[in-house]
Amino acid sequence: MASPTTSTQDYHANPETPLSTGDAVRRDMMHELFGSSAESENSMEHEVMNEDDGDSYELSNQIEEDGDENMEDEEDLFGADKHACEELMKNGPQSGLEFESRERIFATYQAFAKVKGFSIITRTARSDKYLLLSCGRARKPNAKKYTKKINCPTRLNAIKQDNGNWKISTFCNKHNHDLEPQLSEFMPAHRHLTTHLKVLLEAYDRAGSRLCKSVRTMEVLAGGPSNLGASTRDCRNHVDKMRRLRLGDGDANAIQKMFKRLQQNDRDFFYLIDIGDDSRLRHVMWIHPRSRAAYQDFHDVVSFDTTYLVNQYNMPFGTVVGVNHHHHSILLGCCLLSDERAESFKWFFSNWLDAMGGVQPTAILSDQDESITIALREVLPDSIHRFCLWHIVSKSSKKFRGIANFEMACLDFNRVIHGSFSIPEFENNWLDFQVKYNLHENSWIKNLYEIRQSWVPVYSKHIFWAGMMSTQRSESMHAFFDNYINSRSTLKIFVEQYEICIVDKIRKELQAEYSTKCRPITCVSEFKWESQFAKVYTNNIMELLQKQVKKIWNCNLILLESDSSSMDRYDITETRTSSKYPSPNELHFMVEHRPVGGYFDCNCKKFENKGIFCCHILKVLVFKKIDHVSERYILRRWRKDVYRPHFSISFAGAYPHMSKEYKQFQEMEQEFIKCSNLAIDSEEKISFVKDKFKEIQRDLKRWKPAGTISLRSQNTSEAIEIDAGNIPILDPVVVTRKGRPRTARFKDPAENRKGRGRGRGRGRSGVRGPSVS
């Protein structure tokens, strides 16, 4: 948008002063362009300024303090006469010119310096009546290896007049170095972050965008890096400055203030901060009201994981994750712990249980960590505890490395675990596996067998786990956090980004609810029982069921025993194909059906474990021509026609921390966007809007309020206004993690090959605690 011409009282030349022909021409141009006025003096007074050589600073800092109005384009500075602009750019602001403010001198001399290819700085004087602008390479060089100071004599002196204007007394334009016009954009005086760029940076930072991506986006919007007007370092410095100003206290006090604010907005918000004897933060936990309400419906199975680092203190981030009716992960509690000892986990689990009304989860899944096991055994004795299966299986590639037929051993190990459908079958398969590969004396195999009830699926498949066999739910939540935080995040930045992350997660849950309610899934068959499930299941659960429906055609049924009054027994042969195995694999399952009452049971235990029918039971439904299934086989937790209390609870966090300047700028920008949207369909409207904005700019530049009040809040934090308490909390110390350092973390081939979100790099820890080896 083109800027209007400036006020007509910017420059004043003295017509009484003898001038050369060239000077007279320039004076006439200045008079025509900027409204020059005559002075009663017959000569220009050259004042000597007393400089403080120990105090100088870059012009860009001064401009930032005085506001964005200093960064005006050439049309604003020099008028519409291109010849006059070229003349001024060629010779610079000459002695005798008078400006209405020191800001106008800054902007004019800066524009001249940018065209010529040098930087400028402002030098302080003992009196505020004097102003000295010099070349950025002025002053004597110091002893540093690299220095830009070469005592360049170029300078501009100005004196404040009785009428409040500033007059140039002397102007020296003799450089002792080469000028670099093509490099002007890299010089400090010509780099500047406008308010618009600052607002964009703040918004991108709050959204969790990486700075490099934010800068690239702004460069695209500006039409290239050279048009941005600032470097990546300038942007980074501003973001760091905003973070410090936003939360000026230490990390511990910052998160305490934020939690207090959230609790004021919603009294059901729960948080606890544990402080050590040295007044340092040790542990912190928090649970949002929405999570507490969701736990009422989904407390049957949860996962707990602490293998994620999200802050510069190396404090492990622990999450309690459940599964909602859309089969999505939901966050049921968070903690930051100073260590991974059993006492720390006891502190979290006991307080988390109190916050959840004392209701223990039916089953809980965690990593194979001795400290977690001790804490769960003491705090949650009624909960069934199980180890993450994936982490155990993934170690096989390392443990079997010395075996001759290494790859086949890993495949057979998986067959023993996943291909055993009864406890006696598993026992036999395990023994055969040991004999085949001579692993009788392998300590890892021995220890795994001793704790087999805590990790082998066949021992817990009759228990509902919502399909969870590993802590993948927790780690997928961690992978979701990867887009917002990293291992260098401070605690205060982490908490802010956590709020935004949770809002995004809630939005995805609402999107799934919308799809279920407004775009129900269609049936893939004409079976009436599928229509029955489709009416009550959410879309995601229905998709899981339909995968089983499609497998019906891979199953063959043999009636073993039939008794219409008691029970029918069927042998189901399922043919499975896999890229791991050279030939199709045939598996046999037993299905029992009791006609009286409509009871079904399959030894694969998919319904007991996941809450949906397996393809083997569905095969019996087709064979028996059953159209309706008892309601007992439609779990409440998967239904879409059930009221969920947590959906009525709004999330009070996420976006309350924007600065006052950001909010004010955003309000004005929204009005501009409204006008642009109304005018975009007509050239006449577009011209009308441009003319009106030019008129507004002219009025704003001539604006002279009675008192100048800065709208910026650079020394105080606008984000948090709650007293942190009388006793300050010190930041935590950096935690020494268990196991080998993160940089030396071993990754077995399966982990490198499959990924599964565990090798993301950002925020990942090293080996997690003592495991059975």
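Please refer to the structure higher up on the page.
Residues numbered from 1 in each chain as written. Predicted model: local features only at pLDDT ≥ 70, side-chain atom pairs only at ≥ 80, totals over all residues. Heavy atoms only, no water.

(A) Layout of the overall build of the chain. Along the backbone of the chain there are 26 helices and 17 strands. In the form shown here, the chain has an accessible surface area of approximately 37,800 Å², with 50% of it arising from carbon and sulfur atoms. (Helix = DSSP H or I, 4+ residues; strand = E, 2+ residues; numbered from the N terminus. Areas by Shrake-Rupley, 256 points an atom, 1.4 Å probe, with all protein chains shown as cover.)

(B) How the structure looks around the environment of Phe-118. Looking at where Phe-118 falls in the secondary structure, it is placed in the loop between α5 (102–116) and β3 (120–125). Judged by relative accessible area, Phe-118 falls into the buried class, the value being 1%. Taking C-alpha positions, Phe-118 is 9.9 Å from Glu-185, a pair spaced 67 residues apart along the chain. Phe-118 has contacts with Tyr-109, Phe-112, Ala-113, Cys-135, His-175, His-177, Leu-179, Met-187 and His-190, leaving out every residue within four places of it along the chain. (Buried < 20%, exposed > 50% of the residue type's maximum accessible area, 1.4 Å probe, protein only. Contact = heavy atoms within 4.5 Å.)

(C) A look at the pattern of salt bridges. Using the criterion set out here, one finds 23 salt bridges in the structure. The salt bridge partner of Arg-415 is Asp-412, with a shortest N-O separation of 2.6 Å. Residue Arg-415 and its partner Asp-412 are located together in helix α15 (residues 406–418), separated by three residues, close to a single helical turn. What makes Arg-415 partly exposed here is its relative accessible area of 35%. You can call Asp-412 buried: its relative accessible area is 10%. In this structure, Arg-576 and Glu-574 form a salt bridge, with 3.1 Å as the shortest nitrogen-oxygen distance. (Salt bridge = Lys/Arg side-chain N within 4 Å of Asp/Glu carboxyl O.)

(D) Molecular detail of the packing of α15 against helix α16 (residues 423–437). α16 packs onto α15 with a crossing angle of 165° between their chain directions and a minimal axis gap of 9 Å. On the basis of their axis angle, the class for α15 and α16 is roughly antiparallel. Between α15 and α16 lies a crossing of left-handed hand. Contacts between α15 and α16 pair Met-408, Ala-409, Asp-412, Phe-413 and Val-416 from the former with Phe-426, Asn-429, Trp-430, Phe-433, Lys-436 and Tyr-437 from the latter. The residue inventory of the contact of α15 with α16, partitioned by class, reads eight nonpolar, one polar and two charged. (Axes fitted to C-alpha atoms, helices over the stretch in contact; angles between N-to-C directions. Parallel < 35°, antiparallel > 145°, perpendicular 65-115°, else oblique. Left-handed = near helix turned anticlockwise from the far one by under 90°. Nonpolar A, V, L, I, M, F, W, Y, C, P; charged D, E, K, R; others polar.)

(E) Main features of helix α12 (residues 370–379). Those residues of α12 not exposed but buried are Ser-371, Ile-372, Thr-373, Ala-375, Leu-376 and Val-379. Structurally, the start of α12 carries an N-cap: the backbone nitrogen of Ser-371 is 2.8 Å from a side-chain oxygen of Asp-369. (Polar contact = N/O pair within 3.5 Å; in protein donor to acceptor, adjacent residues only side chain to side chain.)

(F) Broad picture of unusual backbone geometry. Despite not being glycine, Asn-151 has its phi angle at roughly 60°, a positive value. For Asn-151, the location among the structural elements is in the loop between β4 (130–135) and β5 (155–160). The class for Asn-151 is partly exposed, based on a relative accessible area of 43%. At Lys-605, a position not held by glycine, the phi torsion is positive, near 60°. Assignment of secondary structure puts Lys-605 in the loop between β17 (599–602) and α22 (606–610).

(G) A look at the sheet that holds strand β14 (residues 555–561). The antiparallel open sheet is built from four strands, whose spatial order is β14-β15-β16-β17. For this open sheet the edge positions go to β14 and β17, each flanked by a neighbour on one side alone. Strand-to-strand, the axes of this sheet are offset by a mean angle of 25°, without reference to chain direction. The pairing of β14 with strand β15 (residues 568–576) spans six bridges and is classified as antiparallel. Of the residues in β15, the one forming a bridge with Cys-555 is Glu-574. Relative to β15, helix α23 (residues 615–624) is tilted by about 120°, and along the sheet it contacts β14, β15, β16 (585–594) and β17. (Pairing = 2+ DSSP bridges.)

(H) The pairing of strand β6 (residues 166–172), seen in detail. The buried count for β6 comes to five of seven residues, which makes it a mostly enclosed element. Where strand β2 (residues 98–99) meets β6, two bridges bridge the pair, whose relative direction is antiparallel. Opposite Glu-98, over in β6, you have Lys-167 as the bridge partner. As defined by bridge partners, β5 adjoins β6 across six bridges and the pair is classed as antiparallel. Across the sheet, residue Lys-160 finds its bridge partner in β6, namely Trp-166. Taken together, β5 and the strand that follows it, β6, pair antiparallel across an intervening segment of five residues, in which Gly-164 is found at a positive phi of about 95°.

(I) Expanded view of the packing of α16 against helix α17 (residues 443–450). Packing of α16 against α17 leaves a shortest axis separation of 12 Å and a crossing angle of 175°. As the angle between them shows, α16 and α17 are arranged roughly antiparallel. Contacts between α16 and α17 involve Glu-427, Trp-430, Phe-433 and Gln-434 from the former and Ile-445, Leu-448 and Tyr-449 from the latter. Classifying every residue of the contact of α16 with α17 gives five nonpolar, one polar and one charged.

(J) Region of the structure containing the packing of aromatic side chains. Overall, the coordinates contain 38 aromatic pairs when judged by the stated rule. Residues Phe-112 and Phe-118 carry aromatic rings whose centres are separated by 6.1 Å and whose planes lie at 75° to one another, so their mutual orientation is edge-to-face. Arranged with centres 5.2 Å apart and planes meeting at 40°, the rings of Phe-259 and Tyr-271 form a pair that is tilted. Of this pair, Phe-259 sits in helix α9 (residues 251–265) while Tyr-271 sits in strand β7 (residues 270–275), placing them twelve residues apart in sequence. The buried category is assigned to Tyr-271, whose relative accessible area is 16%. Taken together, Phe-400, Phe-413, Phe-426, Trp-430, Phe-433, Tyr-437, Trp-444, Tyr-449, Trp-455 and Tyr-459 form an aromatic cluster joined through their ring pairs. In this arrangement the basic side chain of Arg-386 is found over the ring face of Trp-465, its NZ or CZ atom lying 4.9 Å from the centre. (Phe/Tyr/Trp six-rings, centres within 6.5 Å; stacked < 30°, edge-to-face > 60°. Lys NZ or Arg CZ within 6 Å of the ring centre and 35° of its normal.)

(K) Region of interest: α23. If you check which residues of α23 are buried, you get Cys-615, His-616, Ile-617, Leu-618, Val-620 and Leu-621. Where the residues of α23 are buried, they touch α20 (528–536), α21 (539–550), β14, β15, β16 and β17. A positive phi of about 55° marks Lys-625, the residue just after α23.

(L) A positive patch on the surface, seen in detail. Residues Lys-547, Lys-550, Lys-551 and Lys-610 make up a contiguous surface patch of positive charge. Among the structural elements, Lys-551 can be located in the loop between α21 and β14. Owing to a relative accessible area of 33%, Lys-551 belongs among the partly exposed residues under this scheme. (Patch = residues over 30% accessible without salt bridge, like charges linked within 9 Å, V, L, I, M, F, W, Y side chains within 5 Å. Lys, Arg positive; Asp, Glu negative; His and termini not counted. Charge placed at Lys NZ, Arg CZ, Asp CG, Glu CD.)

(M) Quick peek at the side chain of His-593. One can find His-593 in strand β16. Given the relative accessible area of 4%, His-593 is considered buried. With residues near it in sequence (within four places) discarded, His-593 still touches Ser-566, Met-567, Asp-568, Tyr-570, Gly-598, Tyr-599, Phe-600, Val-620, Lys-624 and Ile-626.

(N) Highlighting the nonpolar core. If you look at the biggest cluster of nonpolar residues, it comprises 43 residues, and the most contacted ones within it are Phe-533, Tyr-537 and Phe-613. Elements represented by at least two residues in this core include exactly β12 (363–366), α20, α21, β15, β16, β17 and α23. In terms of nonpolar packing, the next biggest core, distinct from the first, is built from 27 residues, Phe-304, Trp-352, Met-356 and Leu-376 among them. (Core = buried A, V, L, I, M, F, W, Y, C linked by side-chain atoms within 4.5 Å.)

(O) Region of interest: the pairing of β5. Pairing between β4 and β5: five bridges, direction antiparallel. Across the sheet, residue Ser-134 finds its bridge partner in β5, namely Arg-155.

Everything listed is a geometric property; what it means functionally is a separate question.
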